[in-house]
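# Residue-level structure breakdown
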Amino acid sequence: MRRWMVVSAVIAVVLVIGSGAGYVGYKLNQPDRQWVPLLLNPELPEEKREQAAEELKDQLLTPERLKAVVRDVDLVKALRAASEDAAVRELERRIFVTVGEAESPGGVVPALHIGVSGKRSERDMLGKTATRLVEDVKEIIEVAAQPPPPDEF
């Protein structure tokens, strides 16, 4: 009788450990998105917000910028890509720029969410990539805010 009790206890422990490991694996493979909000003027019309999101995404998806992000964050290794070009294609597929809302000291305001999608197990890499993308966004905004050079005669 004791022998069966010991065997059933061992089986119960193995089942509990196995189901716990399966649950952790399941949770790590769930979709995840990491983004950084870029606050917008609350008086900006909805069409302009959508247009700004599209233009910003187009400027972020240039091959030069994507290659720089892949190198800076070392995405070839993080994504287990075969080459830098494969990592660039994967990053291009994962980047998103959406219109949403964000908390600010003045309350909830419209914002552009600039980020990357992936799995929960890639959370650190997604955060680093989103932060690196915001550096490019700052550069894009600074270039757009500069006045044009004066015409020379």
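Before any of the text, the structure's been laid out above.
Now for a quick tour of the structure.

### Quick notes on the overall build of the protein
- Counting secondary structure elements, the protein contains 6 helices and 3 strands.
- The C-alpha radius of gyration of the protein comes to 23 Å, more than 25% above the 15 Å expected for a compact globule of 153 residues.
- Reported as C-alpha extents along the three principal axes, the dimensions of the protein are approximately 105 × 40 × 20 Å.
- Scored against the burial criterion, the 153 residues of the protein give a buried share of 29%.
- For the protein, the share of sequence-separated contacts (at least 6 apart) that also reach a separation of at least 24 residues comes to 63%.
- Summed over all atoms, the accessible surface of the protein reaches about 10800 Å², with 57% contributed by carbon and sulfur.
- Of the charged side chains in the protein, 21 are positive and 25 negative, and the gap between their average positions amounts to 16 Å.

### Here we look at helix α3 (residues 63-73)
- Here α3 has its buried residues at Leu66, Val69, Val70 and Val73. In an axial view of α3, the angular spread of the buried residues amounts to 100°, which keeps them on one side of the axis. Opposite the buried face of α3, by more than 90 degrees, sit the exposed residues Glu64, Arg71 and Asp72.
- Within two residues after α3, Asp74 carries a phi angle of roughly 60°, on the positive side.

### Examining the packing of α3 against helix α5 (residues 84-94)
- Here α3 crosses α5 at 110°, and the two axes come no closer than 9 Å. Here α3 is positioned roughly perpendicular relative to α5, judged by the angle of their axes. Facing Leu66, Lys67, Val69, Val70 and Arg71 of α3, the residues of α5 in contact are Glu84, Asp85, Ala87, Val88, Leu91 and Glu92.

### Concerning the sheet that holds strand β2 (residues 95-104)
- The sheet built from 3 strands is open, its strands ordered β1-β3-β2 with antiparallel pairing. Strands with a single pairing partner mark the edges of an open sheet, and in this sheet they are β1 (31-39) and β2. Averaged over all neighbouring strand pairs, the angle between strand axes comes to 35°, with direction disregarded.
- Direction of pairing for β1 relative to strand β3 (residues 107-119): antiparallel, over a ladder of 9 bridges. By the bridge assignment, Pro37 is partnered in β3 with His113.

### Here we look at the pairing of β3
- As paired elements, β2 and β3 share 10 bridges and run antiparallel to each other. Counterpart to Val97 in the pairing with β3 is Ile114.
- Hairpin connection of β2 to β3: 2 residues between the antiparallel strands.

Rules of the game
Each chain has its residues counted from 1, following the order in which its sequence is written. Thresholds applied to this predicted model are a pLDDT of at least 70 for local features of residues and 80 or more for the giving and counting of side-chain atom pairs; totals over whole chains, interfaces and linings are not thresholded and use all residues. To get the side-chain values, all heavy atoms of the structure are used, and hydrogens and water are removed first. Numbering of helices and strands runs from the N terminus, with a helix taken as a DSSP run of H or I at least four residues long and a strand as a DSSP run of E at least two residues long. The globule rule used for comparison is 2.2 Å times the number of residues to the exponent 0.38, while the radius of gyration itself is calculated over C-alpha atoms. Each residue is assigned to one of three classes by its accessible area relative to the maximum for its type, calculated with a 1.4 Å probe on protein chains only: buried under 20%, partly exposed between the two thresholds, exposed over 50%. Whether two residues are in contact is decided by their heavy atoms: any pair within 4.5 Å suffices. All accessibility values rest on the Shrake-Rupley procedure with a 1.4 Å probe; residue burial counts only the protein chains present in the view. Charged residues are defined narrowly, with Lys and Arg counted positive, Asp and Glu counted negative, and His plus the chain ends left uncounted. To locate a charge, take atom NZ for lysine, CZ for arginine, CG for aspartate or CD for glutamate. The reported arc concerns the directions from the helix axis to the C-beta atoms and nothing else. Axis lines are fitted to C-alpha atoms, over the contacting stretch for helices. Their N-to-C directions set the angle, which ranges from 0 to 180 degrees. Roughly parallel refers to an angle under 35 degrees, roughly antiparallel to one over 145, roughly perpendicular to one between 65 and 115, and oblique to any angle outside these ranges. Note on pairing: two strands pair once DSSP finds at least 2 bridges between them.

Taken by themselves, the reported measurements are silent on function.
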